[in-house]
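Here's the letter readout for the chains.
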Amino acid sequence: MIIRQTDFDLSSRNTFRMQVKCALFVEVTEEADLAALDWNALPQPVMVMGGGSNLLFTKDFPGTVLHVAICHSERSEESLSEESWALGAGVVFDDFCAWAAAEGLWGPENLSLIPGECGASAVQNIGAYGVEAKDIICGIRAYDRETGTFVHIDPADCGYGYRTSKFKTEWKGRYIITAVTYRLSKTPQPKLDYGGIRKALEDRGKAVSSEIAFASLRPLPSASPTGPSLLSGRGWPEISEDTAFPLSPQDIRDAIIDIRRKKLPAVEEVGSAGSFFCNPVISREHFARIEATAREDNGPEYSVPHFEVGDQIKVPAAWMIDQCGFKGARNGGAQVFHNQPLVIVNASGTASPADIIGLENQVIRAVEAKYGITLRPEVEHV
Ligand code: EPU
């Protein structure tokens, strides 16, 4: 089914709640609709939108906004240890995370509560708490506008990086993703190392001991026909049918939801597009200069949060924005979120694109002046 609406109000379709319109809004519910569309007759340009959760509309959009509302789910492969599921591009990503956790399948639990749809997860390589979508995507189906055919794309060819892929660069506008296949594990694969996860689990009364690192190496009895006998006699403990892994993907999902609810604004309550800026990656020399500035500000013992990325250093943009005193700063109806300054919110509910962009520029200029780093927005400006 193809739904078309001209002069369409996009305010309920973007999580920033910008009150803008597009010349034409088109929604398709089946793959065949994409082949049936008369692409040349559509107002140009054509942009594809998922949940509208990573976009800032800066003005009315003169072209066509296309929403792929294909929502099927289908198991494509199953082995003793894994299952692969193909999900329509329009499936809400967190519905998939919730379903996988409830089924006891491992993979997307750390990505819980990220707003948006499955199609966008493969474009943006969404990520949180030490996991990225690329870690679990094993196939992509798309409509190729250049050839008018449907194609399978291997994720290895997608040029995945931190919040980016070829869909955002050299392939922009070419492929319309219709389904994404995710690989889910039946055996425990807990990823607990990102700051705060273990604590959130403990706060929920879940024991997180070193046992877990070891336990995660053991196959579940049901997933391994020869597991117990193979393992016994090699210094591994016997696994009996009632040997249970101490954590479930649901436990981790619940802990991640706790962390996110404490730090991030709920999109149903206040408009935002999640992290507004990317975390910059800089040289060690540059980082040493930042440390020196931070110690002048905060005392000689102060330690700057950072992560090693190869021979470079990733510095949290949230920390720099915080150090520049921007927590809670306002510009018209826009505000730097008080709990997580990486997020800009539509605090008044009626903030204009100019309010948001004005605040964005103030933040960029302040961080540039203090640390010599030009923050790059993560949110796509349209
Ligand atoms: N920090 C401060 N002050 C604050 C908040 C944070 O100094 O008020 C510092 C802390 O040192 C903290 C560090 O910033 O340890 C990092 O904060 P956090 O763990 O919240 O992560 P982030 O780097 O700010 C990234 C993603 C988030 C994702 C979290 C968790 C980007 C651009 N953002 O934020 O993604 O949820 O990690 O994995 O990489 C999103 O994309 O919309 C999003 C929310």
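Anyway, here's the lowdown on the structure attached to this text. The structure displayed is predicted, hence computed values, not measured ones.

A word on the site of the ligand. Taken together, 23 residues are adjacent to the ligand, and Tyr129, Tyr162, Ser275, Asn279 and Asp322 come closest. Separating an oxygen atom of the ligand from a side-chain N or O atom of Arg260 is a distance of 3.4 Å. Contacts to the ligand include Ser275, whose backbone N or O atom sits 2.8 Å from an oxygen atom. Within the residue set of the shell around the ligand, elements represented by two or more residues are α7 (249-263), β13 (271-275) and α9 (317-323).

Turning to its location among the elements, Arg295 is positioned in helix α8 (residues 284-298). Arg295 has contacts with Pro300 and Tyr302, leaving out every residue within four places of it along the chain.

Attention shifts here to the nonpolar core. Counting 57 residues, the largest nonpolar core has Trp39, Leu66, Ile140, Phe167 and Tyr182 as its most contacted members. Sort the elements by how many residues they give to this core and strand β12 (residues 175-185) lands first, with six residues. The residues that make up this core include at least three from each of domain 1 (2-68) and domain 2 (71-214 + 244-263). Those residues within four positions of Trp39 in sequence are excluded, and the remaining contacts are Leu34, Gln44, Val46, Leu66, Tyr143, Arg145 and Ile176.

Time to look at the sheet that holds strand β1 (residues 2-9). Overall, mixed pairing links the four strands, which are arranged β1-β2-β5-β3 in an open sheet. Every interior strand has two partners, whereas the edge strands, β1 and β3 (46-49), have only one. Going across the sheet, the axis of each strand differs from the next one's by a mean of 25 degrees, ignoring polarity. As defined by bridge partners, β1 adjoins strand β2 (residues 21-28) across seven bridges and the pair is classed as antiparallel. Opposite Thr6, over in β2, you have Leu24 as the bridge partner.

About the thresholds
- The numbering scheme is per chain: residues are counted from 1 as the chain's sequence reads.
- With pLDDT at 70 or above as the cut-off, local features in this predicted model cover only qualifying residues; side-chain atom pairs require 80 or more to be listed or tallied, and sums for whole chains, interfaces and linings still use all residues.
- Water and hydrogen atoms play no part in the side-chain values, which are based on all heavy atoms of the structure.
- What makes a residue near a molecule or strand is one non-hydrogen atom of that residue sitting within 4 Å of it.
- Each polar contact in these results corresponds to two N or O atoms within 3.5 Å; when the atoms are within protein, one needs to be able to donate a hydrogen and the other to accept it, and residues that are neighboring in sequence are counted only if both atoms are side-chain atoms.
- Every helix listed is a DSSP run of H or I at least four residues long, and every strand listed is a run of E at least two residues long, numbered separately from the N terminus.
- In what follows, residue pairs with any heavy atoms lying within 4.5 Å of each other are defined as contacts.
- By nonpolar core is meant a set of buried Ala, Val, Leu, Ile, Met, Phe, Trp, Tyr and Cys residues that side-chain atoms within 4.5 Å join together.
- A 1.4 Å probe rolled over the protein chains alone gives each residue an accessible area, and that area as a share of the maximum for its type sets the label: buried under 20%, exposed over 50%, partly exposed in between.
- As used throughout, domain bounds are those supplied by an automatic or database domain assignment.
- Pairs of strands are assigned from DSSP output, requiring at least two bridges between the strands.
- Axis geometry follows a simple rule: fit a line to the C-alpha atoms, using only the stretch in contact for helices, then measure angles between N-to-C directions, giving values from 0 to 180 degrees.

Nothing here speaks to function; it is geometry throughout.
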